[in-house]
Structure formats: structure tokens, C-alpha cells
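# Analysis of the macromolecular model
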Amino acid sequence: MKVLKCMARRIPHAALATIIVPALVTALGPLVIAAEGAAPSVAPWGFVSRDGTRLRDGEGVLRFVSFNVPNLLIVEDAFKWGGSTPWRWPDDFELTDAFRAVRQMGGNVARSYVITVRRDDSDMGPFVHVIGPGEFNEDAFVAMDRMLAAANRERIRVIIPLVDNWKWQGGAPQYAGFRGKPPEAFWTDPDVIADFKQTIAHVLRRTNTITGIRYADDPAVLGWETGNELDSPPEWTREIARTIKQLDPNHLVIDGNSLHGVPAASLEIPEIDVITTHHYPGPGIDMAADVAKAITTTAGRKPYFVGEAGFVPLAEIKPIVEKVIDSDAAGVLLWSLRFRSRDGGFYWHSEPANQGRYKAFHWPGFPSGTAYEETDVLAFVRDTAFRIRGLPATPPPVPTTPEMISVSDPAAIRWRGSVGATHYVVDRAASPDGPWDSVTETAREESTQYRPLYVDETAAPAKPWWYRVSAANASGTSAPSGIAGPAMATHRTFVDELDDLRRAAARSADVEIETAHARPCREDASRAVLPPGATVTYRPGSPIDSVRVFAFAEDETAQLLIQTGPETALVARRTVAGEKGGDYGYLLPLEFEADFPESRPDALTLQAGEKPLRISRVEIRHDGRK
């Protein structure tokens, strides 16, 4: 991790024209009009401006229906079995996937989460932007450089909150804590305010290491938000807004005091350009009525948009979006969209609201999101995103060709997916030259979380196999990917992801599938809950060589028993695969294993010991050649 001290650097305004245009042309190329879903090369574009109560993008009015994309600055959901941290910086594949998904939905704006701050009691480790007063993590800002370069390339405007009101990724309380002061000192203490101003200066004066453009001169930034869901007094808001304007006269300043309706004082502060509000369900709350009130309050005063809204059914989302479309409000950003992982599949993030029912959305929507109407919500967002811009919603394009990730085992096939793909065709061959046969035409990359995307259970052992994959949706199928292999196994592998109990041969009546509250289980979307003594039985179809079980437990003494006959039972080998606790109350991840080199039973029964277990994945190796 590299550490920098805050350094002032300004470029005279007279030099901007000779710097911005050549840098953008060199980095981004000339403008080409492209079909929807295709990535255009881009020419220089202007800043978003305020025109009375409207936002302008060049000669046109800027309006949007889109999403918050929280992982644009830092990924908080990079779970890996046995991994030490879920945090990492997004790479170019992931950022491109995010912005192309937004654009394919008709969106033209995305909002990131916050500039992160070191917090001593978090698991973020080195993955923060602000290390201390005037101390900054260069790796974090290189990642931000990458994000802004991708936003320019994909023509998506981004909104960046400069600080969080909450502790989760570090924010106002941590700035005060650096000085040994209580959290409320962030709003009034001159030293703490000066520390935050150093961060603002560092951000706005930074020159992007990829594009060569200062952040203050980058048109991909729609505006700087003073923070996320702040409880800021008017004096603080005015001072911070004035500081941003002095450092960066090009961009809009958005008031981050957004959680309690329209701040009356912010309507009077000249340096505040835009008002935004956030809306979530709760006792006595009518979200659509609150949005309507905010629209009325800001009418004729300042531009306004809904900065966050979510955790309600589509029937309650629709009136919010329609009220925005039917008014002069600039737009609405729903919560939240997660993009693909470079390791294959998507990043996942469940939310505690409404009994843990809601998860982050994944474009274009999948059956796994039925409980929170994912496919229908995204179809509605797409329709209204084009409608608010006065554009026709043409069908999504045929997906681009996916990219295979190295495959050495037929039971662990991974690929980097394609924006807009709903399913994949997996082909197999005994030679890299073919001939190719389809193993499946319905593989889905969201059907597992942080696991291999496909298990080829039919591949014969003890011989090499090669694989390729094509992406598909209602518009068509891509060309096949490059070839990965050879993949050779000494056995077949039977896998149960426990999204239901159909793969089990038998189970005791007290076994249930749990899909809510996935965060404590490191975003595993479904688990079989086994109370003490409960059992699940498997018959993979041939003699069993070994079994591996991934599970979560509240009690550190939890054990798994394995029965292979009426008189035969053993305690599985147990490995602790991570830590318990943390901000999200993670359960203890446990891995259980057992081998059967001699007996090779045809069936086995998994039984919880004296403590309950949540089993998330079962891998049974069978049909090995002896």
C-alpha cells in the first residue's frame, strides 16, 4: 500500500482547453454512434450544468432512471471460501461490465458509494482511501482512476459522495476519531473540518493516471455529493459546498443531507446546486407520497432527484418512478446493482430489510431473484429509463463472447460472463480441435455464489476434456469463447448447491431450505438448515470415494456425522475456513471432509451433531477408477 501526503496542484483555467481535449481524444478516441448495448468510442463531452430547476447535458435536458452501483470505488463483496477479506479494488473488466449493464438498461447515470476512511474495528485492512488526516492510499485512487476512465469510455455520468454519515466504510465518526473527538465534532470542530477539506482537495486536484485528466476537469463526474445520508447542520453544508466550488467550478454540488426529506436551508445555500432524498420502507412511511412532497418542495427552486429508493415490491417502486417521470425532477436511482466478478459469476449483497428478502439486482434479472421480483423490476427500470429520455426501448443486443477462465477439473468450470446474457451454452470436446458437443444449453452464472459456475457431472474420468462457452439471451447466441483445458479428473463429482432438496435421496422432516439473511453466510444464497440430529441422504449413482461439505454454524463446536450404513458412522474431518462475527455477524464457515478408500458406499447420510448446521454445498466424488 502506497501512502501519499495531500499535495496541492492546480492547472490554470487558461490551459484547460489545451489539456482536456487532447487528453480525452488520446485516451478515448473519436465519437462513433453505436447500436444500443455496443460500447461506443467517445469524443470529449461537456459538463453537466444546472439550468434553473433542470440539469443539462449539452443542449439537452439530463434525465435518468438508473441504479446506485455501490462497488464502483471498492468491492465489499469479494467472498472466497477460506479467504481473509471480502474487500478488493474493482478491475477494468468489472467496471466495464457495470457501466455497460447500466447503459443496456437505458441508464446514463450511476451513483457510487463513498470515499472510504480507515476504521480500526473493521475488516477492510488496506482497502481504504483515507488512512488518516492528510494521508491517502494511492492504490485506492488508482482504482478510482480506473473507474472514471471506464465511465468516460462507456458514457455514464457518475455521482460520488465524499463522506459517509455511517461507520460501515468509515466516515464522519472516523474523521473525528483521528483527533480523539466524539463523532459530532465532525460538524463543528475546525481541525476535523480542515481534515475533511484536505480529502476534498486531494480528490478534486488529483490527476487521473490513466486519462491524464484532473478529477475537477473530468466530465464523467456528474457532480460531487457532500456525503451520504448526512445529518449536517446548515453551516457545515454551506462551508463544504463553498470549498468544493472554489476547488472545482466545473461540477455540480449535490447536498448529501438526504435521509430526512428536503433540507429547507439547502434551498437557500447558493453553492448547493442539486437536492436529493433517500427513501426506504418503515412504520407509517409512504415512500411515493414523500417523493411527491420533495418534488413539490423543490419545484421552482433547485434541481432534484431521488438518490436512493428500495426494499419494496415493484408495485411500490412504480408510483415513485412514475411521479418522477411526470414531474420536472431529474431522475431516480434505485438501490442497488452489483456487477460481475473477474473470478466468474456476480458479486452478491443481501440486505437486512423486510426479513432479509432483498438482494442486490443483477442485470438482466434471473429466476434466483424471484422473491424480490428481479426480472420484472429490471424490465420496468429499462422501460422507464428509455421513456424518461424520450428514446425507444429496442431489444437488448446479442451478448458479446464470454471469456473462459482456466479449467483443470470438469467439476470447476468458470467463465467471465457477458452483459445481458440470461444463460450459457457449455461445449465439451475430447480434443482442442473438436468435435464439440453441448453439455448444457441452460447454464446460469447466477445459480451459484463464489463457486464454479458449472459442474460437468457426465465427463468420464481419467481422460482429458476441453471446454468452451457461448452467451445467449432472447436476441441470440454469441460466438463461442476461447478454449480452456485440458481438464482431467480421477472421478465424477456430484454437487448439491442446496437451492432446494431435489438432489437429496431422503431427508428428515425437520430439514428446511433457508434463503433469507444471506450476509451472515457470506452471501451463500440458499442453505439447508439441519437442527441437531437432522439428516440428509445422497445416492450419487455409483460407489463413493469421498465427500466434502461446506457449512456455517453459530457454535464453534458444531460437528457433522457421516453414516454409510446402519452400523457405520464417523465424525467428518473439520476445518475452520474463516472468522466469525464482524459488522455483519458472520457465522463460522466450516468445511467437513471424509474419504472412503476401501468401503466405497453407494449412499451416505449427513447428520448434524449436537449443534445446528447450515449446509451450503455438498460435493461427492464417486465412480473413481481403482
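Note: the structure precedes this text.
Owing to the predicted nature of the structure, the values given are computational and were not obtained by experimental measurement.

## A word on the packing of helix H5 (residues 190-205) against helix H6 (residues 234-247)
At their nearest, the axes of H5 and H6 sit 10 Å apart, and the two run at 30° to each other. Taken together, the axes of H5 and H6 are roughly parallel relative to one another. By crossing handedness, the relation of H5 to H6 is classed as right-handed. Seen from H5, the contacting residues are Ile193, Phe196, Lys197, Ile200, Ala201, Leu204 and Arg205; seen from H6, they are Trp236, Glu239, Ile240, Thr243, Ile244 and Leu247.

## Considerations on the pairing of strand E32 (residues 604-608)
The two faces of a sheet get side chains in turn, since along a regular strand they alternate between them. Taken across its five residues, E32 has five buried, putting it largely inside the fold. Burial of the side chains of E32 extends over both faces: Leu604, Leu606 and Ala608 are buried on one face and Thr605 and Gln607 on the other. Sheet analysis places strand E26 (residues 535-538) next to E32, joined by four bridges and oriented antiparallel. By the bridge assignment for E32, Val536 is matched with Leu606. Both strand E28 (residues 560-565) and E32 contribute to a ladder of four bridges, which runs antiparallel. By the bridge assignment for E32, Gln563 is matched with Thr605.

## Overview of the sheet that holds strand E5 (residues 64-68)
Strand order in the open sheet formed by eight strands is E11-E10-E9-E6-E5-E14-E13-E12, with parallel pairing between adjacent strands. The open sheet has two edge strands, strand E11 (252-254) and strand E12 (275-279), and neither has a second partner. Adjacent strand axes in the sheet meet at a mean angle of 25° when their direction is disregarded. For strand E6 (residues 109-111) and strand E9 (residues 157-161), the ladder comprises three bridges, and the chain directions are parallel. Bridge pairing links Val109 to Arg157 in E9. Together, E12 and strand E13 (304-309) form the strand contacts of helix H7 (residues 287-298), whose direction differs from that of E13 by roughly 155°.

## As for the environment of Ala360
Within the secondary structure layout, Ala360 lies in the loop between helix H9 (353-356) and helix H10 (374-388). The buried category is assigned to Ala360, whose relative accessible area is 1%. Once the C-alpha coordinates of Ala360 and Trp168 are considered, the two residues, 192 residues apart in sequence, prove to be 17 Å apart.

## Let's talk about the environment of Asp427
The topology assignment puts Asp427 in strand E17 (residues 423-429). Looking at Asp427, the relative accessible area reads 7%, which means it is buried. Discounting chain neighbours no more than four positions away, the residues touching Asp427 are Trp436, Asp437, Ser438, Val439, Trp466, Tyr467 and Arg468. At 3.0 Å, the side chain of Asp427 forms a polar contact with the side chain of Ser438.

Parameters and conventions
Residues numbered from 1 in each chain as written. Predicted model: local features only at pLDDT ≥ 70, side-chain atom pairs only at ≥ 80, totals over all residues. Heavy atoms only, no water. Axes fitted to C-alpha atoms, helices over the stretch in contact; angles between N-to-C directions. Helix = DSSP H or I, 4+ residues; strand = E, 2+ residues; numbered from the N terminus. Parallel < 35°, antiparallel > 145°, perpendicular 65-115°, else oblique. Left-handed = near helix turned anticlockwise from the far one by under 90°. Contact = heavy atoms within 4.5 Å. Buried < 20%, exposed > 50% of the residue type's maximum accessible area, 1.4 Å probe, protein only. Pairing = 2+ DSSP bridges. Polar contact = N/O pair within 3.5 Å; in protein donor to acceptor, adjacent residues only side chain to side chain.

Just distances and angles here, no functional claims.
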